[in-house]
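Each chain, letter by letter, is given below.
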Amino acid sequence: MAGMGHIARSASLIDVLEAQGHSCQVVLRTDAEGHTFAKHRGLTVKEIELTDFLEPEASVVLDAIAIPHMDAALLSRMRRRILISPVCNRADIATAVLVRFAPKKLLNQTSDCCTIIQDERFANVTTADLVAKSLSYEDLTIGVCLSAGSAQKDIDELVKAAAIAPRVNEVRVIHPEAPRVEQAQKTILHRAFCHDPWSFLSSVNVFVGGDGVMIAEAVAQGLPCLSVNRPESPNKNQFLADVGCIRVCTYDEAPGAVAAMVSDRSGLAAMHQAARSSNSSQNVNALADAITGLLEIEKVKG
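Residues numbered from 1 in each chain as written. Predicted model: local features only at pLDDT ≥ 70, side-chain atom pairs only at ≥ 80, totals over all residues. Heavy atoms only, no water.

**Q** If you had to explain the sheet that holds strand S1 (residues 59-62) to someone new, which residues and values would you point to?
**A** Across the sheet, 4 strands lie side by side as S1-S2-S3-S4; this open sheet has parallel pairing. Pairing within the sheet leaves two strands with one partner each, and these edge strands are S1 and strand S4 (115-118). Between one strand axis and the next, the sheet turns by 15° as a mean value, whatever way the strands run. For strand S2 (residues 80-83) and strand S3 (residues 96-99), the ladder comprises 2 bridges, and the chain directions are parallel. (Pairing = 2+ DSSP bridges. Helix = DSSP H or I, 4+ residues; strand = E, 2+ residues; numbered from the N terminus. Axes fitted to C-alpha atoms, helices over the stretch in contact; angles between N-to-C directions.)

Shown next, in the form of structure tokens:
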């Protein structure tokens, strides 16, 4: 199964791979909402059944949270199986893993002969059309969109903390359920889902997200970010925290972390400049280039 971030990443990766001359087809395993999003991103016109894709010399890129047992058995027949999701449950079938950060849980699943490439530039595969903005921080419009789709936790307290902070004009929220925030006295705009989230979030100058692709997309636009993770999850965006683009907290810490972050206007301005200086959108091709490089090595080996 693939989440929205996986679909967005795969669609962007396919765009680059096809521009490099590769032919790509897609096997989709997602829910109805995910399939609609995949259609919006142009993936359904490339869709085939996995049983139709059994060339033994084929290369397959795996971008999923969970791969069903039957699919894993079929995929294992293919020569090259390149995993680009750090949270996949079947890293054991990968011949190569290409991720921005490889959690220990994933590494423990991989075989001894699996090629592991960790490169923070891979996070930028979805940032092709995003431009770093020049922003000011006298007043704030805060965007909120956390990871995990329908499994997202309650965000009422987080949104309330953002809404009651001084000189916050508006909070824009993408979440399966509308936040219940009484007496906020600020405008809270909600969408349950967006095919184009950055259109809805175009006016924000601060972003609160999970740990997925939207954090890299926000940084590419120069936005200071708060990355909200589960306590048991590794920090996949530590490299962005190290250069001052983002701050990281757990769900339980999020309301206090939001309040502290938006109250520090000079800190927000510094984070904004760090994000603008990262030039992250220049690394859009890094993941596709690494995949092409692996395929070229395999071709030389015969």
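More follows now that the structure is in view.
**Q** If you had to explain the packing of helix H1 (residues 4-19) against helix H2 (residues 32-40) to someone new, which residues and values would you point to?
**A** Running from amino to carboxyl end, H1 crosses H2 at an angle of 20°, the nearest separation of the two axes being 10 Å. What the angle tells us is that H1 and H2 run roughly parallel. Here H1 and H2 pass one another in a crossing that is right-handed. The residues of H2 that touch H1, namely those facing Met-4, Ile-7 and Ala-8, are Glu-33, Gly-34, Phe-37 and Ala-38. Its residues assigned to classes, the contact of H1 with H2 comprises 5 nonpolar, 1 polar and 1 charged. (Parallel < 35°, antiparallel > 145°, perpendicular 65-115°, else oblique. Left-handed = near helix turned anticlockwise from the far one by under 90°. Contact = heavy atoms within 4.5 Å. Nonpolar A, V, L, I, M, F, W, Y, C, P; charged D, E, K, R; others polar.)

**Q** Hey, could you go over the packing of helix H5 (residues 156-163) against helix H9 (residues 254-263) for me, with residue numbers and the actual values?
**A** Direction vectors running N to C along H5 and H9 enclose 15°, while the axes themselves pass 8 Å from each other. The angle between H5 and H9 places the two elements in the roughly parallel class. With respect to the hand of their crossing, H5 and H9 are arranged in right-handed fashion. In contact with Glu-157, Leu-158, Ala-161 and Ala-162 of H5, H9 contributes Ala-254, Pro-255 and Val-258. Partitioning the contact of H5 with H9 into residue classes produces 6 nonpolar, no polar and 1 charged.

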